[in-house]
Amino acid sequence: MCLTRHEVVREYIGEASVEAVLLTRNSNIQWFFKGEVDPRIDTSSDFGAFWLLVTESMVVALSPSYDAERIKDEILPAGIEILAIDEYKNYRETISKICEKFRKTAVDCELFLSCSNYVPLDKSFYEKMQILDDREILRLRVVGKLTENILCEFAPELQPGMAELEIEKVLRAIFIESGLEAPTLCVASDERIAKSPYPVSTAKKIDRYLMLRATIRKQGLSVSLSRYFHFGAVPHAIEEKHERASGVAAKAAVAIMRAKSMGEVYEEIRNAYIALNAVDEITHFSPGGSIGYIQKRFSFAPNSSIEMRSPASYVLCPRIGGLFSEDTVLLNPDGTAEFVTLGEDFPKVKVRFESFRVHRPWVMII
C-alpha cells in the first residue's frame, strides 16, 4: 500500500531526528500534493507562492498575507491550515521565528541554513520522492505517450528549409494547447545535431536531418525523450550511429531491471560503451538518471549508492557519436521496465539482448 505524502514526511522526520520539514520549492510542494496543487506564480522561480511546514501532526501553508485568501480558496485542498504572514519584506524572518519553536527543522533551500536549528534535507528524502502512486503512474504514461504522439502528428508538417526556431515555436504552442509544459525543447538540424547534448534552436534552416529533444512536464511530473527525422533515405553512417546508441539503451533498460543501485546501472552502461570502443564518451555526458518530480537529482554515476526504487521513473539517454537514444522508463513494482515515452506510431527497431527484445525508436523518414 502506497503511503500518503504526509506519512512519507513523518517517516523521514523519525529517521532524520528532526521535528519539522519546511518545503519551499515548487517541485517538492507539488510532490507533497501529488501534482494536484500548483504553488507557482512565477514559473521561472524555484520557490512557491506559499511554503509548506510539515510536522508529525500538522501541515501548514505559510503565505504572504496579500495572497493568503486566494491560496486558501483556490489552491489548497480542504483540511490544510494556512498561516498568513504580514509584511512581505519580513516573510523569511517571520518564518524563521516560527521554525525556532522546533529543536531542528529540515529545509530544502539554503536561505535558513546559517541558523543553528536548520539542517538540509538529505538525499534519503529525495530518494523517497521517487516513489509514485497509481494516479501518478497513469499520468506519467499519458504524458509520455501524448508527447510522442504530438511529435508524430507534427512530422508531416516538417519540410526542408524550415528554421529550427520556427519548428520550436509551433511545437511549444502545441504542447501548451495540450496542457503540457516544455522546460527543455531543443531543435537541431544536420551538422548541429552532434555539436552539443543541448543544441538550443537557432535560425538555421533544415537541410535533410533533424533532432527534437524535449523534457515535457505536467503537474510537476516530467518525461524526457529525443526523436530523429530525415528527409529521404537515411545514410548508412547515420544508421550505424543510431544502431550503436539503441544497443546501449537496450542494455541500460535491462540493467535497470536488475540493478540495486544507480552505480550498478552506470557500470552496465559503461560496459556497453566499452564494447563499442566508445568508453570516453560516457565521461562527457551522463547516460541518465532520476526524473519524475526530482528531475536530475540523481544520475547514473560511478560508485553511486542511490538505491533503485519502484515504482519510479528514470530517463535513459546514452549518447554515441553525438546521437541519443533517449526515453523515459518506468520501473514497475514487478521489476519490469516500461518505456512510457515510446508509443505505437513512431518507427522502431528491435534490439536483442540476451533473452530480451527491446524496442527503440528509429529515424522517421519524411
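None of the values given here were measured: they were computed from a predicted structure. (Residues numbered from 1 in each chain as written. Predicted model: local features only at pLDDT ≥ 70, side-chain atom pairs only at ≥ 80, totals over all residues. Heavy atoms only, no water.)

**Quick notes on the sheet that holds strand E5 (residues 105-107)**
Then comes step 1: In space, the 6 strands of this open sheet follow the order E4-E3-E2-E1-E5-E6, with mixed pairing throughout. Each end of this open sheet is capped by a strand with a single partner; those strands are strand E4 (81-85) and strand E6 (118-120). The average undirected angle you get between the axes of adjacent strands in this sheet is 25 degrees.
Then comes step 2: Relative to E4, strand E3 (residues 59-64) is paired through 5 bridges, and the arrangement is parallel. The residue bridging Pro-64 from the neighbouring strand is Ile-85, located in E4.
Then comes step 3: Packed on one face of the sheet, helix H1 (residues 5-16) meets strand E1 (20-25), strand E2 (47-54), E3, E5 and E6 and runs near 125 degrees to E1. (Pairing = 2+ DSSP bridges. Helix = DSSP H or I, 4+ residues; strand = E, 2+ residues; numbered from the N terminus. Axes fitted to C-alpha atoms, helices over the stretch in contact; angles between N-to-C directions. Contact = heavy atoms within 4.5 Å.)

**Here's the deal with the environment of Ser-196**
Then comes step 1: Assignment of secondary structure puts Ser-196 in the loop between strand E7 (181-189) and strand E8 (209-218).
Then comes step 2: The partly exposed category is assigned to Ser-196, whose relative accessible area is 24%.
Then comes step 3: Linking Ser-196 and Gly-322, residues 126 residues apart in sequence, is a C-alpha distance of 7.3 Å. (Buried < 20%, exposed > 50% of the residue type's maximum accessible area, 1.4 Å probe, protein only.)

**A look at unusual backbone geometry**
Then comes step 1: The amide bond that connects Ser-310 to the next residue, Pro-311, takes the cis arrangement and shows omega of -5 degrees.
Then comes step 2: Its identity as a non-glycine residue notwithstanding, Asp-190 has a phi of 55 degrees, on the positive side.
Then comes step 3: Along the chain, Asp-190 turns up in the loop between E7 and E8.

**Quick notes on the packing of aromatic side chains**
Then comes step 1: A complete count under the given rule lists 12 aromatic pairs for this structure.
Then comes step 2: Taken together, a centroid distance of 5.4 Å and an interplanar angle of 70 degrees make the contact between Phe-285 and Phe-324 edge-to-face. Here Phe-285 is found in the loop between helix H9 (262-275) and strand E10 (288-290), whereas its partner Phe-324 is found in strand E13 (residues 323-324), with 39 residues between them in sequence.
Then comes step 3: Grouping aromatic residues by their ring pairs yields a cluster made of Tyr-12, Trp-31, Phe-32, Phe-33, Phe-125 and Tyr-126.
Then comes step 4: Stacked on the ring of Tyr-198, the Lys or Arg Arg-213 has its end atom at 4.6 Å from the ring centre.
Then comes step 5: A cation sits over an aromatic face here: Arg-213 above Phe-324, 4.0 Å from the ring centre. (Phe/Tyr/Trp six-rings, centres within 6.5 Å; stacked < 30°, edge-to-face > 60°. Lys NZ or Arg CZ within 6 Å of the ring centre and 35° of its normal.)

**Thoughts on the side chain of Thr-24**
Then comes step 1: Mapped onto the elements, Thr-24 comes out in strand E1.
Then comes step 2: Taking the relative accessible area as the measure of exposure, Thr-24 reaches 0% and is therefore buried.
Then comes step 3: Here the side chain of Thr-24 touches Asp-108 through a polar contact of 2.8 Å, side chain to side chain.
Then comes step 4: Not counting residues within four places of it along the chain, the set of residues in contact with Thr-24 comprises Ile-29, Asp-46, Phe-47, Gly-48, Trp-51, Val-107, Asp-108 and Cys-109. (Polar contact = N/O pair within 3.5 Å; in protein donor to acceptor, adjacent residues only side chain to side chain.)

**Some remarks on the packing of helix H6 (residues 134-154) against helix H7 (residues 164-177)**
Then comes step 1: Their axes nearest at 11 Å, the elements H6 and H7 cross at an angle of 130 degrees. Viewed along their axes, H6 and H7 adopt a mutual orientation that is oblique. Taken as a pair, H6 and H7 cross one another with a handedness that is right-handed. Together, Thr-147, Ile-150, Leu-151 and Phe-154 of H6 and Ile-167, Val-170, Leu-171, Ile-174 and Phe-175 of H7 make up the contact between the two elements.
Then comes step 2: Within the contact of H6 with H7, the residues separate by chemical class into 8 nonpolar, 1 polar and no charged. (Parallel < 35°, antiparallel > 145°, perpendicular 65-115°, else oblique. Left-handed = near helix turned anticlockwise from the far one by under 90°. Nonpolar A, V, L, I, M, F, W, Y, C, P; charged D, E, K, R; others polar.)

**So, the nonpolar core**
A general tendency of soluble globular proteins is for nonpolar side chains to be buried together.
Then comes step 1: In terms of nonpolar packing, the biggest core is built from 93 residues, with Ile-167 and Phe-300 touching the most fellow members.
Then comes step 2: The element contributing the most residues to this core is helix H8 (residues 236-258), with 8 residues.
Then comes step 3: Counting 16 residues, the second largest nonpolar core, distinct from the first, contains Trp-51, Leu-53, Ile-98 and Tyr-118. (Core = buried A, V, L, I, M, F, W, Y, C linked by side-chain atoms within 4.5 Å.)

**Considerations on the sheet that holds E8**
Then comes step 1: Spatial ordering of the open sheet is given by E7-E8-E9-E18, a layout of 4 strands whose pairing is mixed. At either end of the open sheet lies a strand with only one pairing partner, and these are E7 and strand E18 (363-365). Along the sheet, successive strands turn relative to each other by an average axial angle of 20 degrees, direction set aside.
Then comes step 2: In the packing of H6 onto the sheet, contacts are made with E8, strand E9 (221-230) and E18, and the angle to E9 comes to roughly 20 degrees.
Then comes step 3: Strands in contact with H7 are E7 and E8; relative to E7, the strand with the most contacts, it is inclined by about 155 degrees.

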